[in-house]
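Observations on the three-dimensional arrangement
Chain by chain, the residues run as shown.
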Amino acid sequence: MAQAVSEVEAFECSFGQTSWFDEDVLWLAPDPAQPFQDLTFAVSKAFPDYPPYAGAYDEVVPHLTVAERRLGTLAELEHAENQVTPFLPVRTRIDRILLIAGAPAPRSWRILQEFRLSSNH
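The structure contained in this document is the topic of the report that follows. (Residues numbered from 1 in each chain as written. Predicted model: local features only at pLDDT ≥ 70, side-chain atom pairs only at ≥ 80, totals over all residues. Heavy atoms only, no water.)

Some details on a negative patch on the surface
Condition: Residues form patches when they are more than 30% accessible in relative terms and have no salt bridge. Like charges link within 9 Å. Nonpolar side chains (Val, Leu, Ile, Met, Phe, Trp, Tyr) link within 5 Å. Residue exposure ignores everything except the shown protein chains as possible cover, and the areas themselves are Shrake-Rupley values with a 1.4 Å probe. In the sections that follow, a salt bridge refers to a side-chain nitrogen of Lys or Arg positioned within 4 Å of a carboxyl oxygen of Asp or Glu. All tallies of charge rest on Lys and Arg as positive and Asp and Glu as negative; His and the ends of each chain are not included. Here the site of a charge means NZ on Lys, CZ on Arg, CG on Asp, or CD on Glu. Helix numbering and strand numbering both begin at the N terminus, where a helix is a DSSP run of H or I of at least 4 residues and a strand a DSSP run of E of at least 2. For every residue, the accessible area (1.4 Å probe, protein chains only) is compared with the maximum for its type, and the residue is labelled buried under 20%, exposed over 50%, or partly exposed between those bounds.
Together, D22, E23, D24 and E78 make up a region of like negative charge exposed at the surface. On the secondary structure map, D22 appears in the loop between strand 1 (11-21) and strand 2 (25-31). Overall, the relative accessible area of 67% leaves D22 in the exposed class.

Digging into the sheet that holds strand 1
Under the convention used in this document: DSSP bridges decide pairing: two strands pair if at least two such bridges lie between them. Axis definition: a line fit to C-alpha positions, over the contact stretch in the case of helices; interaxial angles, taken between N-to-C directions, run 0 to 180 degrees. Note on definitions: a residue-residue contact is assigned when non-hydrogen atoms from the two residues lie within 4.5 Å.
Sheet architecture is open: 4 strands sit in the order 3-2-1-4, paired in antiparallel fashion. Pairing within the sheet leaves two strands with one partner each, and these edge strands are strand 3 (64-68) and strand 4 (90-94). Ignoring which end each strand starts from, the neighbouring axes of this sheet average 35° apart. With 4 bridges joining them, strand 2 and strand 3 adopt antiparallel strand pairing. Across the sheet, L28 pairs through a bridge with L64, a residue of strand 3. Of the strands in this sheet, strand 1, strand 2 and strand 4 are in contact with helix 2 (residues 34-46), which crosses strand 1 at around 90°. Set on the sheet, helix 3 (residues 74-84) makes contact with strand 1, strand 2 and strand 3; between it and strand 1 the angle comes to about 145°.

Some points on unusual backbone geometry
Note the cis peptide between D31 and P32, where omega equals 5°. Turning to its location among the elements, P32 is positioned in the loop between strand 2 and helix 2. The omega torsion across L88 and P89 is 5°, close enough to zero to call that bond cis. In this fold, P89 is placed in the loop between helix 3 and strand 4. One non-glycine residue, Y53, lies in positive phi territory at about 55°. Tracing the sequence through the fold places Y53 in the loop between helix 2 and strand 3. At A54, a residue that is not glycine, the phi angle is positive and equals roughly 55°. Within the secondary structure, A54 sits in the loop between helix 2 and strand 3.

Overview of the packing of aromatic side chains
Aromatic ring pairs are defined here through the distance separating the ring centres and the angle between the ring planes. What counts is decided by this rule: Two rings from Phe, Tyr or Trp (for Trp, the six-membered ring) form a pair when their centres sit within 6.5 Å of each other. Planes less than 30 degrees apart are called stacked, planes more than 60 degrees apart edge-to-face, and all others tilted.
With the rule as written, the count across this model stands at 4 aromatic pairs. When the centroid spacing of 6.3 Å and the interplanar angle of 55° are considered together, the rings of F15 and F36 count as tilted. Taken as a pair, F15 in strand 1 and F36 in helix 2 lie far apart in primary sequence, 21 residues in all. In terms of burial, F15 and F36 fall into one category: buried. Here a set of aromatic residues connected by ring pairs shows up, and it is made of F11, F15 and F36.

Just geometry here; none of it tells us what the structure is for.
Spelled out as structure tokens, the structure:
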């Protein structure tokens, strides 16, 4: 994994708007999205037997999940959107990725390892 992402440079991004996958997932859209797509491609290329989301989607949409219906009602997700929106945009530097693993159960995900992105300019 470290080798797969070592060529991807750290980058600045912002999350300026909310969006939805149907009524199931509330998420924030990154700007720019391309560096996230580059990371996805680099990891997919290094591990072709393990496509993103087990190959369930033709297109992988870079996003930051805020809330999911499996963890709350639609009204709760809409409330979360109303609470988050006034704080947008969120600006940050992406300089590492995390390898995480878990099960479908809430709060089962754990960080297994952290990988730094390139800091070459």
